[in-house]
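So you can see what is in the structure, the chains are spelled out below.
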Amino acid sequence: MELNWNQIDDKWRSRWYDAKHFETDPNDKPKKFITVAYPYPNSPQHIGHGRTYTLADVHSRYYRMKGYNVLFPMGFHYTGTPILGMSKRVQANDVELIEAFKKLYNVPEEKIKEFVDPVKIADYFHEEIKAGMIEMGYSIDWRREFTTIIPAYQKFIEWQFRNLKQKNLIVQGNHPVGWCPNDQNPVSQHDTLGDVEPDFTEYIVIKFNMGHEIIPVATLRPETLFGVTNLWINPKIVYKKVKVDGETWIISTECAYKLEFLNKKIEIISDIPGSELIGKKVTSPTSEDEFLIIPASFVTAATGTGIVMSVPAHAPYDFQALEDIKNGNQKNISDSLRSEVQKIQPVAIITTDGFGKIPAQDVIKRMGITNQNDPKLEDATKEIYSKEFYEGKLNSNTGKFAGKKITFVKDEVKEWISKTGKSDIMLELTNESVKCRCGTECVVKLLNNQWFLDYANKEWKKKARDCFESMNILPNDIRTEFLNVLDWLRERACARQHGLGTKIPWDSDWLVESLADSVIYMSFYTMAKFVNSGEILADNMSDEFFNYVFYGNGDSSAIANGAKITIEKLEEIRNEFLYFYPVDSRHSGRDLVPNHLTFFVLNHVALFPKENWPKEIVVNGSVLMDGKKMSKSMGNIIPLRNAVKMYGADPIRLSILISAELLQDADFNIESVSGIKNKLQSMHDECIKFNSSEKIGTEPEDIWIQSRLSKLISEVTDSMEKMRLRESLHHILYGFDSDLQWYMKRANAKNRDDISGVLNKVISIRVSMLSPFAPHIAEEMWEKLGNSEMVSKSSWPKEEEQTDDGIVQSESLLSSVMNDISNITKVTKITPKKIIIYTSDKWKSKAYHKILSGVISGETNVGVFIKELISQKETENVKKDPDFVKKTLKDILSEPTDLRKTKMCAGEIDETKIISNELSSLIETDYGIKLQVFCESDSEKYDPKNKARMARPYKPAILIE
Ligand SMILES: [Zn+2]
């Protein structure tokens, strides 16, 4: 009968709920505190979100079965601007957004009307996400749930901020930030479309003079000033004459707009078409040299000032644009200008091994570039830039900088020009276009007297580095990524003007930014329980209260008094923190490595003593849908709750986990869901079939299957410890099937009817190991197996202390002989009338084990073995058959080392006895004939083909007639 997944889900969820199964309080057991980055409730969760939470849930459930008291809590992050932006769009009756709410998210009409209030949006999706988490079966302690705008949390954040400020880790200063001009707010990854972290590049602006006016150009290579031959403008751009801090500049409109955010005083005077500038001359800021302004199409208004200096010897674009004019490719150039341009010659200022005198000319020739619109110019530029930067030296025409390496001289040149007052700094976004979630193009803003978290602080970084180096990071490859992030991290704005959240405690014009109020909240879970039950009130939570709970500072009776609670309650709250802290495992998606996860560590090392620093970070990749990225525009987003309704929670959980290990992208597709459903269904049916706890037999195959089971447990446990969940799942679901097949074959051949005890044990262990992954169906199976307790309450299976290696080897001997026979009959196409097996002589077995022991201790030389074996009486027969040693050594070396060790432990096995006793029934079942077994040295043996002498230990000779 086909399973009703939704019904099973409901049944077990309500049992867990009734049993308060996941409500975790301190007790005598060792604890594990597992957390996941809490969701931002501005939309329902889709399958992609399910991955991180499912991983953390499996982790939690696994540790519970291992005997830990596991706390897995959840909160909701309301802080930030995007929800505010959404509510503004609802107020403005934005059709696109309202349609998305209706059609994509199925929000009822009357709810959407309430969305003019941002908190209503957050509340709505908060409940939606929470319902989905419950439906997915996450083992969360919901008594500790909170949002980041409840008063108690705000008290906690105020404490965090005052504390950081006292430690001088929040500083006031002038620093650049990514900025949304519409929201008047700094932006970080969480505020941008496509979650882009805005990064910026510093350009040096060099001021050329044109009479009383200044023609500024922005460059990343100030040292190339020495090689300038002309300036470029785009005749199609209408430039602006602008008063910039009292000077008159000619720049693009875009540049003027951007400069305002960099604190320049801007006053537009008039328009000046690019064409009017053609043929004019400017003078160098550092010499008497004069340069011609000429037109080029590659100049854009959006980069720098919209005017570019030309360094043809080292910049391929410049070289080619000049060539285009000289050879007449460039139209609309007057003859007189062209003849002026003919006189311009590249000025080489850098020498680099591997380039000729004029590097740009070299590379252009090599790449076959013939005009300035060729996209290959980009590659040419990159090649020269990086080679010159790392290997180039300045020529003698660069004055006091001659002979210096570019890598080191850049800053010197920058400083030198700056001292003349003929330069400036301009910051631009490195990422080509960063859009705020409100749709506005972001800019770089120089914020003055703004609050910054001093992530540039060297001591702070060092502490965080220590923490990263000592903690467990899964997968470990990502550790260096964290260390790199720490290296480049600089001051980070931690205040915003708008949005939901907590006010900066000493400056009520500003709100705490969303990546600053979400870094130590795991500690708040330990007290959220008391807040939610009303045992402590937000109004009574002072800094002294937090200092006592987190640090044990102060006088408990005075603090309890102030907090209007009993001393006992205060102690209980403190003990709750002491018991659960530190965080044992923090789960998150990879996109949070350069921000949240790094800030999480930084803030913990700043605010908590070493024993409360986080112990582990687990990072996972994203989820693809049928191999493609999920996105609204692709229309391939399945809301999590819909998926659960359609397929059941467990098939969704398994298909998210089974296709990839942690960092890889997981692929979700319907075929895999239905494959998993079938597998679970058949496991479920087996549970009904083998529900008796009959006595377990003692036949060799009974002992064998139990030692295989023990090996399965150890393999799965090993992968679980490393959070290699894909591997664990494969072992649990599929890894045991071939062993079971062999067992059934053996039992059937013997016509046994006493195997349900063993099968019950096998399926029970598989179900219990499956239960962290597929908790609902595993409970159902467990119940069908006749258990009265829940499987989620059971212990993780332990591997048997002792396994019988002899029997393991015997069984593998039997199965390999069966395999060989089947291969021979397949190849020769004979229907066997006789099957004869010859086992090897006693001396061969002795020799085999000597060689095995030699290999284990590192010997692999055939000659050494032969000499050694001949010298001993019991193996002297080797001299008659030295080839045996060669073949045996090859056999052994082709086997994995752990198998060599098991064989060693198993010792010599009596192959004749095993094969006579155990193989006959199999041969009779499969081929309907009697098996004959001889020992190689048997004088009575039937051996017409003289095969017996080929027998080797574990490789008996076979004759089929
Ligand atoms: Zn915006």
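Summary of the structure given here. (Residues numbered from 1 in each chain as written. Predicted model: local features only at pLDDT ≥ 70, side-chain atom pairs only at ≥ 80, totals over all residues. Heavy atoms only, no water.)

Here we come to the overall build of the protein. When helices and strands are tallied, the protein shows 35 helices and 30 strands. Expected size for 961 residues packed as a compact globule is a radius of gyration near 30 Å; at 38 Å, the protein overshoots this value by more than 25%. Taken along the three principal axes of its C-alpha coordinates, the protein extends 120 × 80 × 55 Å. Residue burial in the protein is summarised as follows: out of 961 residues, 55% are buried. Within the protein, counting contacts between residues at least 6 apart in sequence, those at least 24 apart form 75% of the total. Put simply, the protein shows about 41,500 Å² of open surface, and 49% of that area lies on carbon and sulfur atoms. (Helix = DSSP H or I, 4+ residues; strand = E, 2+ residues; numbered from the N terminus. Rg over C-alpha atoms; globule rule 2.2 N^0.38 Å. Buried < 20%, exposed > 50% of the residue type's maximum accessible area, 1.4 Å probe, protein only. Contact = heavy atoms within 4.5 Å. Areas by Shrake-Rupley, 256 points an atom, 1.4 Å probe, with all protein chains shown as cover.)

Bringing the sheet that holds strand β3 (residues 170–180) into the picture now. Reading across the sheet, the 4 strands line up as β4-β3-β17-β19 and stay open at both edges, with antiparallel pairing between neighbours. For this open sheet the edge positions go to β4 (185–186) and β19 (492–493), each flanked by a neighbour on one side alone. Here β3 pairs with strand β17 (residues 443–453) via 9 bridges, running antiparallel. Residue pairing across strands places G178 opposite V444, the latter belonging to β17. (Pairing = 2+ DSSP bridges.)

If you trace the backbone, G399 turns up in the loop between β15 (393–394) and α14 (406–419). Through-space distance from the C-alpha of G399 to that of V205 is 21 Å; in sequence the pair is 194 residues apart.

Contact geometry of helix α7 (residues 151–166) with helix α21 (residues 593–607) gives a least axis separation of 10 Å together with a crossing angle of 70°. Taken together, α7 and α21 sit at an angle that is classed as roughly perpendicular. Between α7 and α21, the residues in contact are Q160, N163 and L164 and N603, A606 and L607, respectively. Of the residues belonging to the contact of α7 with α21, the class tally is 3 nonpolar, 3 polar and no charged. (Axes fitted to C-alpha atoms, helices over the stretch in contact; angles between N-to-C directions. Parallel < 35°, antiparallel > 145°, perpendicular 65-115°, else oblique. Nonpolar A, V, L, I, M, F, W, Y, C, P; charged D, E, K, R; others polar.)

Summed over all chains, the structure comprises 79 salt bridges. The partner of D141 in a salt bridge is R143, and the shortest N-O contact between them spans 2.8 Å. You can call R143 partly exposed: its relative accessible area is 24%. Notably, a salt bridge pairs R162 with D543, separated by 2.7 Å at the nearest N-O pair. Of this pair, R162 sits in helix α7 while D543 sits in helix α18 (residues 543–551); the two residues are 381 residues apart in sequence, bridging distant segments of the chain. (Salt bridge = Lys/Arg side-chain N within 4 Å of Asp/Glu carboxyl O.)

This part is about the coordination of the zinc ion. For the zinc ion, every protein donor is listed as C180 (SG), D183 (OD), C436 (SG) and C438 (SG), and the spread of their distances is 2.2 to 2.3 Å. In this structure, the zinc ion is surrounded by 4 donor atoms whose angles at the metal cover 97 to 123°, and the resulting shape is tetrahedral. Sequence positions of the residues that donate to the zinc ion give the spacing C-x2-D-x252-C-x1-C. Here D183, found in the loop between β3 and β4, pairs with C436, found in the loop between β16 (423–429) and β17; they are 253 residues apart in sequence, far enough to count as distant. Each member of the pair, D183 as well as C436, is classed as buried. (Donors = N, O, S within 2.8 Å, 3.2 Å for Na, K, Ca; no water. Tetrahedral: all angles 85-135°; square planar, octahedral: opposite > 155°, others 65-115°.)

Another point: the pairing of strand β28 (residues 835–839). For β28, the buried fraction is high: 5 of the 5 residues fall into the buried class. Burial along β28 is two-sided: the residues I835, I837 and T839 and I836 and Y838 are all buried. Across 5 bridges, the pairing between β28 and strand β29 (residues 931–935) is parallel. Counterpart to T839 in the pairing with β29 is C935.

The buried fraction of β17 is high, at 8 of 11 residues. Note: β17 against β19, 2 bridges, orientation antiparallel. Bridge assignment links L453 to a residue of β19, and that residue is R492.

Residues F101, L770 and L919 are the most contacted members of the largest nonpolar core, which totals 139 residues. In contact with L919, other than residues within four places in its own chain, are L814, V817, M818, I837, I914 and L931. Core analysis: the next-biggest nonpolar cluster, separate from the first, contains 79 residues, A37, L483, I536 and Y548 among them. (Core = buried A, V, L, I, M, F, W, Y, C linked by side-chain atoms within 4.5 Å.)

One open sheet accounts for 3 strands, arranged β26-β25-β27; its pairing is mixed. Of all strands in the sheet, those with a lone pairing partner are β26 (628–629) and β27 (666–668), marking the two edges. Two elements, strand β25 (residues 623–625) and β26, share 2 bridges in a ladder whose sense is antiparallel. Paired with M625 across the strands is K628, a residue of β26. Across the sheet, helix α23 (residues 649–658) lies against β25 and β27, angled at about 140° from β27, the strand it touches most.

Moving on to a negative patch on the surface. Together, E110, E114, D117, D123 and E127 make up a negatively charged patch on the protein surface. Sorting the residues of the negative patch by element identifies α5 (109–114) and α6 (118–135) as the ones contributing at least two each. Following the sequence through the fold, D123 ends up in helix α6. (Patch = residues over 30% accessible without salt bridge, like charges linked within 9 Å, V, L, I, M, F, W, Y side chains within 5 Å. Lys, Arg positive; Asp, Glu negative; His and termini not counted. Charge placed at Lys NZ, Arg CZ, Asp CG, Glu CD.)

Moving on: the packing of aromatic side chains. Throughout the structure, instances matching the rule amount to 56 aromatic pairs. Between Y38 and Y521, the ring centres sit 3.6 Å apart and the planes meet at 10°, which makes this aromatic pair stacked. Note that Y38 is positioned in the loop between β1 (31–36) and α2 (47–65) and Y521 in the loop between β22 (507–512) and α17 (522–532), a separation of 483 residues in sequence. Pair check on accessibility: Y38 and Y521 agree, each one buried. Look at F389 and Y390: their rings are 5.0 Å apart centre to centre, the planes differ by 90°, and that puts the pair in the edge-to-face class. We classify Y390 as exposed; its relative accessible area is 53%. K445 extends its terminal NZ or CZ atom over the ring of W179, reaching a point 5.2 Å from the ring centre. (Phe/Tyr/Trp six-rings, centres within 6.5 Å; stacked < 30°, edge-to-face > 60°. Lys NZ or Arg CZ within 6 Å of the ring centre and 35° of its normal.)

The next subject is the side chain of T875. For T875, the location among the structural elements is in the loop between α32 (862–870) and α33 (882–893). Here T875 falls in the buried class, since its relative accessible area comes to 0%. For T875, the side chain forms a polar contact with the main-chain oxygen of L869, separated by 2.7 Å. (Polar contact = N/O pair within 3.5 Å; in protein donor to acceptor, adjacent residues only side chain to side chain.)

Relative to the helices and strands, F545 is located in helix α18. Residues F545 and E158 lie 387 residues apart in sequence; the distance between their C-alpha atoms is 12 Å. Filtering out sequence-adjacent residues up to four positions away, F545 remains in contact with M527, I536, I559, A563, I565, L570 and I573.

Let us look at helix α20 (residues 567–580). Taking 1.5 Å as the rise per residue, α20 with 14 residues should run 20 Å; its terminal C-alpha atoms sit 20 Å apart, in good agreement. Among the residues of α20, those classed as buried are K569, L570, I573, R574, E576, F577, Y579 and F580. Along its buried surface, α20 packs onto β1, β2 (69–71), α17, α18 and α19 (556–562). (Expected span 1.5 Å × (residues − 1).)

It is worth spelling out the environment of A296 at this point. Along the chain, the position of A296 falls in the loop between β12 (290–295) and β13 (308–310). It is 51 Å that separates the C-alpha atoms of A296 and N603, two residues lying 307 residues apart in sequence. Excluding residues that lie within four positions of it along the chain, A296 makes contacts with W232, I233, N234, P235, A321, Q330 and Q372.

Now for the side chain of R752. Within the element layout of this structure, R752 appears in the loop between α27 (737–749) and α28 (756–770). Since its relative accessible area comes to 13%, R752 is described here as buried. A polar contact is formed between the side chain of R752 and the side chain of E701, at a distance of 2.9 Å. Within the structure, the side chain of R752 is placed 2.7 Å from the side chain of D702, a separation counted as a polar contact. In contact with R752, other than residues within four places in its own chain, are G697, E699, E701, D702, Y743 and A747.

Packed helices, taken two at a time, are described by the angle their axes make and the gap between the axes. Two elements in contact, helix α25 (residues 700–721) and α28, have axes separated by 10 Å at closest approach and are oriented at 5°. Taken together, the axes of α25 and α28 lie roughly parallel to each other. Residue-level inspection shows D702, I705, Q706, L709, L712, I713 and V716 of α25 in contact with α28, the latter providing V758, K761, V762, I765, R766 and M769. Class assignment of the residues belonging to the contact of α25 with α28 gives a composition of 9 nonpolar, 1 polar and 3 charged.

As far as function goes, none of this settles anything; it's purely spatial.
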